[in-house]
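Descriptive analysis of the structure
Single-letter residue listing:
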Amino acid sequence: EFDLHNIQGDIWPGLTKKYQQFFFFNIENPADFKPMLKDLADKVITSSHGALVNRAIIHKAKAPPSSGLNVAGAGLNLARDVLTAIHDSLPPHHEIQKAKGSDHVSITGVNISFTKRGMAKLSKETFKDDPLLKGMFADMVGEGRDEAKDWIPEFRDGSVDGVLLVCGTEHEVKEKVNELAQKYLGKKQGIRHLLTLDGVERSGDAKGHEHFGFLDGISQPLIIGLDDETAEKPGARKHLTRPGIIIFGHDGEMDNDPRLMHPPWAKDGSIYVFRKLRQFVPEFDRFLEKEAPRLKFNKEQLGARIVGRWKSGAPVQLHPNADCKADAKFNNFDYPLDDQLNCPFASHMRKTKPRGIVENRDKFDIMRRGIPYGPEVGPDEKEKTKLDRGLMFTCYQTSLSNGFQFIKNRWVNPDTFPADKTKFTGGMNPGQDPIIGQSVKGAIEEDDKVMNMSIHDGEGKHNKITFEPFIQSNGGDYFFTPSLKLLRDLAVA
Ligand code: N7H
C-alpha cells in the first residue's frame, strides 16, 4: 500500500538529525530550475526508504556486531511489512561493518518543500487549504499574536518559494549544502538563496531535550501500516493515526476535511509547517523558582505541570509527585475527563492533544519534526536571555485547518478550552498554554492580554498562575512537501 520510495523521509520515519540546515530560496527563473527537480528526485532527495536504510546503517555503525542487521533496534518499531522490505534492501553485512570501521560514516538526509508561491511557479495550483493559501504571515501576524517586528525579514516579504532541508552531522551538513547549492540551487539554475537557518541537537545529558530542559519527540503519532501498532507495552496502544492524516492519498484523509479534496498529484505528499520559536530560558527558570513555593511545589513539580511531562519525559498525569525515569518515554495514557489534580487542563501537552476528550482521536494529529537551535545558556544569562536560542518548530499534516492552525487557534490560545471544566477549576477558565500560548498585542479585551492558567497546587487546592509568554515567534511559512514522483513530473510540466 505504501510506496516508501515515493514519500520524502522527513515526513516518515523522520531524517536523522544531529544538525540541520534550512536553506530558504526564491525561484527567480522557473524554466532554469525545473529540470533540476528530476535530478534532485533521482540523486538527492531522501525517501522514506532511504531514511530507514540510513538509520539502520548509522545505528549499526554504533552497535556491536553481534546485534545483526536489526532495523528495529534503530530507534524505530516498524510494521512487519515495512520491516521485511527494509531488511531485504539493506547493504550487505560486511559493507556496514566497513562503514563502522572507517571513522567517518557520511550519511546526510535531504528533503525539499515549496510554498504556494513556489508551487505556482512550478505550474501546480495549490490546495484549497485556506491557511496554506494565506501563508503564515497573513495567518499569524494577521491574527495579532505574532508581531511583524519580530519576524525575520525574508519571511515577511513573501519571497520564500521553497526550503531545502539537509540533516546529518554539522560537518556533513555544511559540506552537502555547499555542494547542492552549486549543483542544483545556484544562480545558474534560476535560484536566489535567501536565508539559511541552522538547528542543532543539544548534547551530553541534554541530548534529545529542548532548551527548557524537557525530553522532546516522545508523543508522536504511530501511523497505521507503517509503525508497529503493538510496540508500546503494556496494554493496547491507545493512540493510532490513520496514514491520511499525515500523508496525502491514504486512508483517513477524506474524513480529515472533506471540503479540502486534494488533487491526485498530491498523493504521498504532506503540508509542512516551519516556524522559528525563540525561547526565553532563564525567564522560564526564574518563573518556576519564584512561583513554586507559593503553590507548595518544588521547581521540578511545577515545571512538569506546565509541560505535562517531567524533564525525563515521564507523564505527570501518571507520576504527579516525582519523576519516574522508567516511564520516560511512556505514551500510552489518557487524561481523566473531570479533574486536573495531576495535570492542569491547560498544560502544554494536554492543550495540544487533549487525550480522552476528543472523540475523533487522530483527526488533529501532527507529526512534529523540529530541532533546537542556538547556544546553551551562558553564565551571564542568569536572569535574562541575551542570546538567540529556541526551537525550529516543524510539523507535517494533510490539513492545516485541522492540524497546526487548529491546535493553535482552537486549543492553545483560547483560555476557554477545554470547555465546561469550570466545575473542576475553581470557577475560572482552564487558561492558556503556558509554553506556546500568545496574547493579542495591543488587545482591548482584558482576556486577550493576560495569560493565565488554572492549576491545583501541592495541597490539591485550586490556584492560578499568571505569566508572560516564554516564547517569541520569529516567523516561518507553510509549505507543500511533494512526492518524488511529483518532483519528476514537475521537471517536465
Ligand atoms: Fe510542543 N516543551 O519543551 O515544552 N512539546 N513544544 N508544540 N507539543 C511537547 O511528548 C515545546 C509546540 C505539541 O501527543 C513536549 O513528545 C516547546 C508547537 C504536541 O500528548 C514538550 C515548544 C506545537 C505535543 C514540548 C513547543 C506543539 C507536544 C513533550 C516551542 C503545535 C504532543 C514531549 C518552543 C502547535 C502532545 C513529547 C501529545 C509535546 C515543548 C512547540 C505541539 C517537552 C519548548 C508550536 C502536539
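The structure we're discussing is the one just above.
Here the residue numbers are simple positions, counted from 1 along each chain's written sequence. Two thresholds apply to this predicted model, a pLDDT of at least 70 for residue-level local features and 80 or more for giving and counting side-chain atom pairs, whereas whole-chain, interface and lining totals are computed over all residues. By convention in this description, side-chain values take in all heavy atoms of the structure and omit both hydrogens and water.

**Regarding the coordination of the iron atom of the ligand**
Keep this limit in mind: In this analysis a donor is any N, O or S atom within 2.8 Å of a metal ion (3.2 Å for sodium, potassium and calcium), and since water is not included, sites may seem incomplete. A run of H or I in DSSP becomes a helix once it reaches four residues, and a run of E becomes a strand once it reaches two; helices and strands are each numbered from the N terminus.
Exactly one donor from the protein chain reaches the iron atom of the ligand: His348 (NE2), at 2.1 Å. Of note, His348 is situated in helix α12 (residues 348-352).

**Quick notes on the pattern of salt bridges**
Basically, it comes down to this: Salt-bridge detection follows one rule: a side-chain nitrogen of Lys or Arg within 4 Å of a carboxyl oxygen of Asp or Glu. When a residue's accessible area, from a 1.4 Å probe over protein chains only, is under 20% of the maximum for its type it is buried; when over 50% it is exposed; and in between it is partly exposed.
What the rule picks out here adds up to 30 salt bridges. The closest approach of N and O atoms between Asp42 and Lys38, which form a salt bridge, is 2.5 Å. With Asp42 and Lys38 both in helix α1 (residues 30-44) and 4 residues apart, the pair spans about one turn of that helix. The exposure class of Asp42 is partly exposed, given its relative accessible area of 39%. Residue Asp388 is joined to Arg278 by a salt bridge in which the shortest nitrogen-to-oxygen separation is 3.5 Å. A residue pair is termed long-range when its members are at least 10 positions apart, and Asp388 in the loop between β9 (371-373) and β10 (390-397) and Arg278 in strand β7 (residues 270-279) qualify at 110 residues. A relative accessible area of 33% means that Asp388 is categorised as partly exposed. Connected via shared salt-bridge partners are Asp285, Arg286, Glu289 and Lys299.

**Points about the pairing of strand β11 (residues 451-456)**
Let me state the cut-off plainly: At least two bridges found by DSSP between two strands are what make those strands a pair.
Summarising burial for β11: 6 of the 6 residues are buried, a large majority. Here β11 shows a buried face lined by Met451, Met453 and Ile455 and a second buried face lined by Asn452, Ser454 and His456. Where β11 meets strand β12 (residues 462-467), 6 bridges bridge the pair, whose relative direction is antiparallel. Of the residues in β12, the one forming a bridge with Ile455 is Asn463. Where β11 folds back onto β12 in an antiparallel hairpin, the turn is made up of 5 residues, including Gly460, whose phi is positive at roughly 80 degrees.

**Brief notes about unusual backbone geometry**
Omega for the peptide link from Trp12 to Pro13 comes to 5 degrees, which places this bond in the cis form. Its place among the elements puts Pro13 in the segment before β1 (19-27). Positive phi, normally seen in glycine, also occurs at Asp268, with a value near 70 degrees. Note on placement: Asp268 falls in the loop between α9 (253-256) and β7. A positive phi is found at Asp420, a non-glycine position, where the angle reads about 60 degrees.

**Side note on the packing of α1 against helix α15 (residues 484-492)**
For the record, the criterion: Interaxial angles span 0 to 180 degrees and are taken between N-to-C directions of axes, which are lines fitted to C-alpha atoms, for helices over the stretch in contact. Angle categories are assigned with fixed cut-offs, so that under 35 degrees is roughly parallel, over 145 is roughly antiparallel, 65 to 115 is roughly perpendicular, and the rest are oblique. Handedness of a helix crossing follows the sense of rotation of the near helix relative to the far helix, less than a right angle counterclockwise being left-handed and clockwise being right-handed. We call two residues in contact whenever any of their non-hydrogen atoms come within 4.5 Å of each other. When residue character is reported, Ala, Val, Leu, Ile, Met, Phe, Trp, Tyr, Cys and Pro are called nonpolar, Asp, Glu, Lys and Arg charged, and the others, Gly included, polar.
Relative orientation of the contacting elements α1 and α15 amounts to 150 degrees, with a least axis distance of 7 Å. One way to sum up the angle between α1 and α15 is to call them roughly antiparallel. For the element pair α1 and α15, the recorded crossing hand is left-handed. Contacts between α1 and α15 involve Lys34, Pro35, Leu37, Lys38, Ala41 and Asp42 from the former and Leu484, Leu487, Arg488, Leu490 and Ala491 from the latter. For the contact of α1 with α15, the per-class residue count stands at 7 nonpolar, no polar and 4 charged.

**With respect to the packing of aromatic side chains**
Put simply, the rule is: Whether two aromatic rings pair depends on their centres lying within 6.5 Å, for rings of Phe, Tyr and Trp, where Trp uses its six-membered ring; planes under 30 degrees apart make the pair stacked, over 60 edge-to-face, and the rest tilted. Think of it as a cone above the ring: NZ of Lys or CZ of Arg counts as a charge over the ring if it is within 6 Å of the ring centre and within 35 degrees of the ring normal.
Taken as a whole and judged by the stated rule, the model has 25 aromatic pairs. On the basis of an interplanar angle of 90 degrees and a centroid distance of 5.0 Å, the ring pair of Phe24 and Phe155 is categorised as edge-to-face. Pair noted here: Phe24 is in strand β1 and Phe155 is in helix α7 (residues 153-156), with a separation of 131 residues, a long-range link. As far as the burial class goes, Phe24 and Phe155 line up, both buried. Plain terms: the ring middles of Phe467 and Phe470 are 6.2 Å apart, the flat faces sit at 25 degrees to each other, and that makes the pair stacked. Every member of this aromatic cluster is reached through a ring pair, and the members are Phe22, Phe24, Phe155, Tyr272, Phe274, Tyr396 and Phe479. The ring of Phe214 is capped by Lys311, whose NZ or CZ atom sits 5.8 Å from the centre of that ring.

Read these as geometric descriptors, not functional statements.
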